[in-house]
Amino acid sequence: MKDYSIDTRCVQAGYTPKNGEPRQIPIIQSTTFKYDTSEDMGKLFDLEASGYFYTRLQNPTNDMVAAKIAALEGGTAAMLTSSGQAANFFALFNICECGSHIVASSSIYGGTFNLIAVTMAKMGIEVTFVSPDCTEEELNGAFKDNTRAVFGETIANPALTVLDIEKFAKAAHAHGVPLIVDNTFPTPVNCRPIEWGADIVTHSTTKYMDGHGAAVGGAIVDSGKFDWMAHADLFPGLCTPDDSYHGITYAEKFGKEGAFITKCTAQLMRDFGCIQSPQNAFILNLGLESLHVRMPKHVENGQAVAEFLEQHEKVVKVNYPGLSSDPYHALAQKYLPKGGCGVVSFEVKGGRAGAEAFMKRLKLAAIETHVADARTCCLNPATSTHRQMTEEQLAAAGIPAGMIRISCGLEDKKDLIADLEQALEAI
Ligand SMILES: *Cc1c(COP(=O)(O)O)cnc(C)c1O
């Protein structure tokens, strides 16, 4: 599938039926798999043969969809997880342990920020957050002897900052560690971080990949490029025998191309069990089949809405990397030449009260804790996700009370703009 364009890969990668087999990927709704002899099954447990034995670790439907996502990102191996949160946790925990350190962009999804800053801290994994706009010198200064990974988001949710992937990859590689990039917002249709030096790519497939607000899920893709053995002292989990798996050394047995995902499946899926249900994987695949058709429309609507809001007198500020006035426009032109996504954030006049009055009047844009859906939705952090904060705390966090995040869906942009226009009159 490597020779085909991204559009063709969206539709056909991951599953090629043989003579007489189902055209659509089969949902293998089975917890377990049958073998003729214990010896056959033993080979699977020893990772001597490939195959399935229990859906907590691996399922054929999931693997077909993961193979499609690997093909889209240009990776060598991939796995599905139960959510985006699980994908980011697994991607980091696969190479970090108690005593490790992570360098992460401070401009990332709140759930991931909390995962790294609070929950992983309880496991003895420390983090240094750096501004995505930091200089190379500041970035290099954040590394420690125990740094094992660098993390960032291509387009951050909800700040809409654009990551300078090459800058972060260069610093990571200079310190012998991989760059992990969460590519949820642009999807591989609009950016493929591996082409810019990222080693591992993660996704909340809950967003554009599913795209219909139907199934929570996540994915991890390995570029197959990071040479674990060249930094064996930093990654003992990949480069020394795993006693919990019959003494296998993943980087030796599965090479650069397969070690990361095999270890992640054999250890983390086995022990944590954050598997995606095959039903959800099937739904995700339906979304992927039209991803390349939907993304340009999300971008078109996001761009039109951002341009409309920017010139409106009731709007104080608009964040959208597609606007030439946006501080991330130059990075967006480099990394996202086809556009980024349909999410726009903006601040209305009148603070919290202004935002509330405006949102109450909206007819098409629904108030939801979600983004990247076919249906337009919006959220005012000050009255929802951040409602416990005072005006002063909100200002300190860089979230003005009148800030609204709107995720432009697939409706006609004229209808979306008309809806926003009539609602802005309420302010
Ligand atoms: C939503 C989101 C996540 C978390 O994904 P879930 O599927 O909700 O667990 C992680 N990263 C980004 C960028 C997201 O937007």
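Owing to the predicted nature of the structure, the values given are computational and were not obtained by experimental measurement.

Time to look at the side chain of Gln422. In this fold, Gln422 is placed in helix α16 (residues 413–424). On the basis of relative accessibility, which here comes to 19%, the residue Gln422 falls in the buried class. Within polar-contact distance, the side chain of Gln422 engages the backbone oxygen of Arg361 at 3.0 Å.

In the region of the ligand, 15 residues are neighbours, and Asn157, Asp182, Ser204, Thr206 and Lys207 sit closest. Within the backbone of Gly84, a nitrogen or oxygen atom sits 2.9 Å from an oxygen atom of the ligand. Contacts to the ligand include Asn157, whose side-chain N or O atom sits 2.8 Å from an oxygen atom. Bound to the protein, the ligand loses 92% of the 380 Å² it would expose on its own. Take the shell around the ligand: its biggest share by element is three residues, from helix α4 (residues 84–93). A breakdown of the residues in the shell around the ligand according to their chemical character gives two nonpolar, 10 polar and three charged.

Split into domains, the protein comes out as domain 1 (6–286) and domain 2 (292–424). A C-alpha centroid distance of 30 Å is found between domain 1 and domain 2. The interface is formed by 33 residues belonging to domain 1 together with 28 residues belonging to domain 2. Around 2,600 Å² of area is buried between domain 1 and domain 2 when both sides are counted, 62% of it from carbon and sulfur atoms. Looking at the side of domain 1 facing domain 2, the largest losses of area belong to Leu160, Asn190 and Tyr208, adding up to 29% of the total buried there.

Moving on: the pattern of salt bridges. In total, this model carries 10 salt bridges according to the counting rule given. Two residues, Asp36 and Lys34, come together in a salt bridge whose shortest N-O distance is 2.7 Å. Classification of Asp36 by relative accessible area gives exposed; the value is 64%. The salt bridge involving Glu136 is made with Lys170; its shortest N-O contact spans 3.1 Å. With a gap of 34 residues between them, Glu136 in helix α6 (residues 136–141) and Lys170 in helix α7 (residues 165–174) connect regions that are remote in the sequence.

On to the nonpolar core. Ile69, Leu179, Ile220, Trp228, Phe235 and Leu238 are the most contacted members of the largest nonpolar core, which totals 97 residues. Ranked by residues supplied to this core, first place goes to helix α10 (residues 250–272) with nine residues. The residue makeup of this core includes at least three contributed by each of domain 1 (6–286) and domain 2 (292–424). When sequence neighbours within four positions are dropped, the list of residues in contact with Ile69 reads Leu80, Thr205, Met209, Ala219, Val221, Leu284 and Leu288. Ranked by size, the runner-up nonpolar core spans 27 residues in total, among them Val344, Cys378, Cys408 and Leu420.

Among the residues of helix α11 (residues 278–288), Pro278, Ala281, Phe282, Leu284, Asn285, Gly287 and Leu288 are the ones counted as buried. Tucked into the core, α11 has its buried residues touching α1 (6–12), α3 (60–73), β1 (77–81) and α12 (291–310).

A separate point is the sheet that holds strand β9 (residues 343–348). Read from one edge of the open sheet, five strands run β8-β9-β12-β11-β10, paired in mixed fashion. Two strands bound the open sheet, and with one partner strand each, they are β8 (315–319) and β10 (366–367). As judged from the five bridges shared by β9 and strand β12 (residues 403–407), these two strands associate in the antiparallel manner. Bridging across to β12, Ser345 finds its partner in Arg405.

This paragraph deals with the environment of Val299. Considering the arrangement of structural elements, one finds Val299 in helix α12. When the C-alpha atoms of Val299 and Cys408 are compared, they prove to be 8.3 Å apart, with 109 residues separating the residues in sequence. In contact with Val299, other than residues within four places in its own chain, are Asn190, Tyr320, Lys338, Gly339, Gly340 and Cys341.

This paragraph deals with the packing of α4 against α10. Two numbers describe how α4 lies on α10: the axes approach to 10 Å, and their chain directions differ by 115°. Crossing hand, α4 versus α10: right-handed. Seen from α4, the contacting residues are Phe89, Phe90, Ala91 and Phe93; seen from α10, they are Phe260, Cys264, Leu268, Met269 and Phe272. Looking at the contact of α4 with α10 residue by residue, the classes come out as nine nonpolar, no polar and no charged.

Checked against the element boundaries, Thr376 lands in the loop between β10 and β11 (377–379). For Thr376, a relative accessible area of 1% translates into the label buried. There is a polar contact of 2.8 Å between the side chain of Thr376 and the backbone nitrogen of Gly409. If near-sequence neighbours (up to four positions away) are discounted, Thr376 is found in contact with Leu364, Ala365, Ala366, Ile406, Ser407, Cys408, Gly409, Glu411 and Leu416.

Attention shifts here to the packing of α12 against α16. A pair of packed helices is characterised by two quantities: the angle between their axes and the separation of those axes. The interhelical angle for the contact between α12 and α16, taken along N-to-C directions, is 30°, at an axis separation of 10 Å. Our classification of the angle between α12 and α16 gives roughly parallel. In this structure, the crossing between α12 and α16 has a hand that is right-handed. Counted together, Glu300, Asn301, Ala304, Val305, Phe308 and Leu309 of α12 and Lys413, Leu416, Ile417, Leu420, Glu421 and Leu424 of α16 form the full contact between these two elements. Residue composition of the contact of α12 with α16, grouped by class: eight nonpolar, one polar and three charged.

Thresholds applied
Residues numbered from 1 in each chain as written. Predicted model: local features only at pLDDT ≥ 70, side-chain atom pairs only at ≥ 80, totals over all residues. Heavy atoms only, no water. Helix = DSSP H or I, 4+ residues; strand = E, 2+ residues; numbered from the N terminus. Buried < 20%, exposed > 50% of the residue type's maximum accessible area, 1.4 Å probe, protein only. Polar contact = N/O pair within 3.5 Å; in protein donor to acceptor, adjacent residues only side chain to side chain. Near = heavy atom within 4 Å. Areas by Shrake-Rupley, 256 points an atom, 1.4 Å probe, with all protein chains shown as cover. Nonpolar A, V, L, I, M, F, W, Y, C, P; charged D, E, K, R; others polar. Domains from an automatic or database assignment. Contact = heavy atoms within 4.5 Å. Buried area = accessible area lost by both parts, 1.4 Å probe. Salt bridge = Lys/Arg side-chain N within 4 Å of Asp/Glu carboxyl O. Core = buried A, V, L, I, M, F, W, Y, C linked by side-chain atoms within 4.5 Å. Pairing = 2+ DSSP bridges. Axes fitted to C-alpha atoms, helices over the stretch in contact; angles between N-to-C directions. Left-handed = near helix turned anticlockwise from the far one by under 90°. Parallel < 35°, antiparallel > 145°, perpendicular 65-115°, else oblique.

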